[in-house]
Amino acid sequence: GLLALESPVHAENGCPSGYEPWKIPPTSTSDCMAIPDYGQDEPAETPTAPEPVWADRWGAIAIGSTESGGGVGVSVDAKSQKAAEREAIDECVTSGGGAICKSEYFSYNNQCAVIAWGNSSYVVQSADTIDLAASIGLARCNQRTSDCRIFYSGCSLPARIG
C-alpha cells in the first residue's frame, strides 16, 4: 500500500497530467510528451476602454411681456441650472421682456426643448429629441389656441468629459 503513495499519478492514457503518449501504448513516462500550451493561462483579454464619463448640460427659456412688447431669452449647454436660468432671464430682459422674465422661465437638462407659439398662447415643452418635444408642444399649444408653430428649438445634451 505504501508503494502506491510514492508512484506518480497517471491520467487514463498512462501519462501524467499535461502529457500525452507519443508511443502507444506508453510503457513508461519516457513514452509521454508534454502537451503544447498545457496549463498556460489564457491570453489576457484585450483591455476594454473605460466607460465614458458624461456631464449634465442645462438649458433654459424665459419669456416675458410688458405693455410695450415682449421678449424671449434662451440658454443652451450651461453647466448648471442656475447658470442656464440666469443667462435666459438676462437675455429675455434685454430683449424687452421686462421683470416678468424672472417669473416666467423654464429649465431642462440633458434634453431638447421647444417653444410652440400660436395666436394667443404659447407652450414650452422638453423631451429627449426636438421632434418629440415639437410634437408634444404643438399638440398642447393647439389645445389652447390656433395657428401654433414652433418658434424656437434647442438642445442641451450631456457632454462627454472623459
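In what follows, the accompanying structure is described.

Calculation rules
Residues numbered from 1 in each chain as written. Predicted model: local features only at pLDDT ≥ 70, side-chain atom pairs only at ≥ 80, totals over all residues. Heavy atoms only, no water. Helix = DSSP H or I, 4+ residues; strand = E, 2+ residues; numbered from the N terminus. Buried < 20%, exposed > 50% of the residue type's maximum accessible area, 1.4 Å probe, protein only. Contact = heavy atoms within 4.5 Å. Pairing = 2+ DSSP bridges. Axes fitted to C-alpha atoms, helices over the stretch in contact; angles between N-to-C directions. Salt bridge = Lys/Arg side-chain N within 4 Å of Asp/Glu carboxyl O.

1. Description of the overall build of the protein
- The helix and strand inventory of the protein stands at three helices and ten strands.
- The order of α-helices and β-strands along the protein, N terminus first, is α-β-β-β-β-β-α-β-β-β-α-β-β.
- Counting every position in the protein, which comprises 162 residues, the buried fraction comes to 30%.
- Across the protein, contacts joining residues at least 24 apart in sequence account for 50% of those joining residues at least 6 apart.

2. Describing unusual backbone geometry
- Non-glycine residue Asp77 carries a positive phi angle of around 60°.
- Classification of Asp77 as partly exposed rests on a relative accessible area of 44%.
- In the Ramachandran plot, Asn110 falls in the positive-phi region, its phi being about 55° despite a non-glycine side chain.
- For Asn110, a relative accessible area of 22% translates into the label partly exposed.

3. Focus on the sheet that holds strand β5 (residues 69–78)
- Strand order in the open sheet made by the three strands is β5-β4-β6, with antiparallel pairing throughout. At either margin of the open sheet sits one strand with a lone partner, and together these are β5 and β6 (105–109). Across the sheet, the mean angle separating the axes of adjacent strands is 10° when strand polarity is ignored.
- The strands that helix α2 (residues 81–97) touches are β4 (58–66), β5 and β6; relative to β5, the one it contacts most, it runs at about 155°.

4. Focus: the sheet that holds strand β9 (residues 149–156)
- If you trace the three strands from one edge of the open sheet to the other, you get β8-β7-β9, paired in antiparallel fashion. At either margin of the open sheet sits one strand with a lone partner, and together these are β8 (122–127) and β9. Between one strand axis and the next, the sheet turns by 15° as a mean value, whatever way the strands run.
- As judged from the six bridges shared by strand β7 (residues 111–117) and β8, these two strands associate in the antiparallel manner. Bridge assignment links Cys112 to a residue of β8, and that residue is Ala127.
- Together, β7, β8 and β9 form the strand contacts of helix α3 (residues 130–144), whose direction differs from that of β8 by roughly 150°.

5. Digging into the pattern of salt bridges
- Evaluated as defined, the whole model comprises one salt bridge.
- Among the ionic pairs, Asp147 bridges to Arg149, the shortest N-O distance being 3.3 Å.
- Given a relative accessible area of 43%, Asp147 falls into the partly exposed group.
- Exposure remark for Arg149: the relative accessible area of 55% places this residue in the exposed category.

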